[in-house]
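Coordinate analysis (summary)
One-letter residues, chain by chain:
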Amino acid sequence: MTTHPTDGSEYDSPDEKSKSQLKREMTALQELGEILVELSAHELERIPLPEKLHDAVVAARGMTQRGARKRQLQYIGKVMRDVDAEPIRERLAEMQSRSRQSAARQHHLERLRDLLVSEGDAAMEEVLQVFPGADRTHLRQLMREAQKEMRNNKPPHAARVLFRYLRDLQDSEPGE
């Protein structure tokens, strides 16, 4: 509280946060901590965390009792008060964006593979436009094997090989 310069009354300075605002911030930090706890070990290692916070997150991952886990998450929120959370949020957003891009690329390849299997040579030109460096003969051979397996109700081995070939083509494109 500060005193008002003209009438001497007390008021909250603009720098002070309300209890509600502080509670919202603490809840947000706790939720961020919960996201960290749910990450895989590999993903967690890709995020720069202070040692104390990292240890708290790892400890929470091993907790199965609901009450203990809840207390640990509250502790993580408390530890995060002393940490700049913005780089953590940015890294999580970057990882999430990469994951979405990867999923979109995979769905695109699956669509192309399914198109080749269902429409055959009619879809070949579309695939060759996307991947001009593809070996037309090899692509046609994989496509026909996948179609044959599908007609004979066999496991989709050739369709998987076709998908891997399309993925290799995508990975070898410049700029990828």
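See the structure above.
Below: a short report on this structure. (Residues numbered from 1 in each chain as written. Predicted model: local features only at pLDDT ≥ 70, side-chain atom pairs only at ≥ 80, totals over all residues. Heavy atoms only, no water.)

**Remarks on the overall build of the protein**
Helix and strand content of the protein: eight helices and two strands. Listed N to C, the secondary structure of the protein is β-β-α-α-α-α-α-α-α-α in terms of helices and strands. When each of the 176 residues of the protein is scored for burial, the buried share is 30%. The contacts of the protein with a sequence gap of at least 6 include a subset with a gap of at least 24, amounting to 48%. Only carbon and sulfur atoms are counted for the fraction: they give 48% of the accessible area of the protein, which is about 12,000 Å². (Helix = DSSP H or I, 4+ residues; strand = E, 2+ residues; numbered from the N terminus. Buried < 20%, exposed > 50% of the residue type's maximum accessible area, 1.4 Å probe, protein only. Contact = heavy atoms within 4.5 Å. Areas by Shrake-Rupley, 256 points an atom, 1.4 Å probe, with all protein chains shown as cover.)

**Looking at the side chain of R91**
Here R91 lies in helix α5 (residues 86-119). Beyond its immediate stretch of four places on either side in the chain, R91 contacts R46, I47, P48 and R98.

**Looking at the pattern of salt bridges**
Within the structure shown, the criterion is met by 10 salt bridges. Between E38 and R69 there is a salt bridge, and its shortest N-O distance comes to 2.5 Å. Pair noted here: E38 is in helix α1 (residues 19-38) and R69 is in helix α4 (residues 66-80), with a separation of 31 residues, a long-range link. Close ionic contact of E94 with R91 constitutes a salt bridge, the shortest N to O distance being 2.5 Å. Taken as a pair, E94 and R91 lie in helix α5 at a separation of three residues, close to a single helical turn. Residue R91 is classed as buried on the basis of its relative accessible area of 19%. Sharing partners across several salt bridges, the network here consists of R91, E94 and R98. (Salt bridge = Lys/Arg side-chain N within 4 Å of Asp/Glu carboxyl O.)

**What to know about the side chain of Q147**
Residue position: Q147 is located in helix α7 (residues 136-151). A relative accessible area of 16% means that Q147 is categorised as buried. In this structure the side chain of Q147 is engaged in a polar contact, spanning 3.4 Å, whose partner is the backbone oxygen of L116. Ignoring any residue separated from it by four or fewer positions in sequence, one finds Q147 in contact with L116, V117 and G120. (Polar contact = N/O pair within 3.5 Å; in protein donor to acceptor, adjacent residues only side chain to side chain.)

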